[in-house]
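Reading the structure
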Amino acid sequence: MAKVTRDDVARLAGTSTAVVSYVINNGPRPVAPATRERVLAAIKELGYRPDRVAQAMASRRTDLIGLIVPDARQPFFGEMAHAVEQAASERGKMVLVGNSDYIGEREVHYLRAFLGMRVSGLILVSHALNDLAAAEIEAWDARVVLLHERPEAIDDVAVVTDDLGGAQLAVRHLLEHGNEYVACVGGTADTPAVGDPVSDHVEGWRRAMEEAGIPTEGRLFEAPYNRYDAYRVGLEILSGPDRPPAIFCSTDDQAIGLLRAARELRIDVPGELAVAGFDDIKEAALTDPPLTTVASDRSAMARAAVDLVLDDGLRVAGSRRERLKLFPSRLVVRHSCGCGQS
């Protein structure tokens, strides 16, 4: 049986091969709805399958988007990767995912691998982009959108949450419950001071405390972002002589570890300790007690990142303000803060 070609589809649909290409590739030119339906019907009737390899060779681009995250095992990044995959699928693209494990050399490895595959663009969730990675992006003149974080090394378009404002919402809420002060579980010593969400969460905590006239000295604790290490840090914090009345954690995963430590030490939450997190991962609603946290619209952020990385105008010069897409944060009130308790 002869291979079905694009010419065959065009003849059956009564249109040109260029129009068939526009339908298959969703552009670059618009196609009238009726014509699109004829082309799609012809494709179905003939069983036409586009040669993606040939398309990639001709355009020097593939239908792939590269996504690099620190660690997809962490629920937040896993949920974000899934949202990006769904948004890419709506645009007819597939996603390649690489885990940097917070290691700069591994991030560079995936950058080189994905760019070598001629991906349509890169969506980068980078903890601290190093100079080598930035140089690699510049050398390839790659389409890049920063998601969730804004490393200083490059000035590409960024899609982020209002991390600072969201943290302030959570800390103010804990203070409104009458807590004398709120301690904060931040990041580690190597957390970037600028462009990192956790740094913004810590700054938001500090500002909310200062607004209330409450000192912050000695009330900021370092912890890795995952629940397992945060659990061990939580045991130390909660076993000490000056146990805080309330704690704001920079990530939900940290808060889950802290809740486990409190349970092990038989500390009642929220009766003896109020807790709030940040991210609103799905598991936050299932903790005991359910975790009060800060949420953003991850699906909308992922869709914005995909749309931007596929936009031909992405690399047009503009101000930093124009190149930053900021999504609002909202407080999700559950029981760990003291709300809803009799």
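Residues numbered from 1 in each chain as written. Predicted model: local features only at pLDDT ≥ 70, side-chain atom pairs only at ≥ 80, totals over all residues. Heavy atoms only, no water.

**Quick notes on the sheet that holds strand β1 (residues 64-69)**
Read from one edge of the open sheet, six strands run β2-β1-β3-β4-β5-β11, paired in parallel fashion. The open sheet has two edge strands, β2 (94-99) and β11 (324-327), and neither has a second partner. Averaged over all pairs of adjacent strands, the angle between strand axes in this sheet comes to 20 degrees, irrespective of strand direction. Here four bridges tie strand β5 (residues 157-161) to β11, and the two strands are oriented parallel to one another. In the strand pairing of β11, T161 is matched with F327. (Pairing = 2+ DSSP bridges. Helix = DSSP H or I, 4+ residues; strand = E, 2+ residues; numbered from the N terminus. Axes fitted to C-alpha atoms, helices over the stretch in contact; angles between N-to-C directions.)

**Let's talk about the nonpolar core**
Counting 67 residues, the largest nonpolar core has I123, L147, V182, L238, I247 and F248 as its most contacted members. The leading source of residues in this core is helix α5 (residues 75-90), at eight residues. Residue assignment places this core across two domains, with domain 2 (62-159 + 296-327) and domain 3 (161-295) each supplying three or more. For I123, the contacting residues outside a window of four places in its chain are I65, G66, L67, I68, V84, V145, L147, A305, V306 and V309. Membership of the second largest hydrophobic core comes to 18 residues, among which are L64, L111, L146 and V160. (Core = buried A, V, L, I, M, F, W, Y, C linked by side-chain atoms within 4.5 Å. Buried < 20%, exposed > 50% of the residue type's maximum accessible area, 1.4 Å probe, protein only. Domains from an automatic or database assignment. Contact = heavy atoms within 4.5 Å.)

**Examining the packing of aromatic side chains**
In the structure shown here, the tally under the stated rule is three aromatic pairs. Centroid distance F76 to F77: 5.4 Å. Interplanar angle 80 degrees. Geometry classified as edge-to-face. Take F76 and F77: they sit in the same class, and that class is buried. Note that R219 overlies the ring of Y181, its terminal NZ or CZ placed 3.7 Å from the centroid. (Phe/Tyr/Trp six-rings, centres within 6.5 Å; stacked < 30°, edge-to-face > 60°. Lys NZ or Arg CZ within 6 Å of the ring centre and 35° of its normal.)

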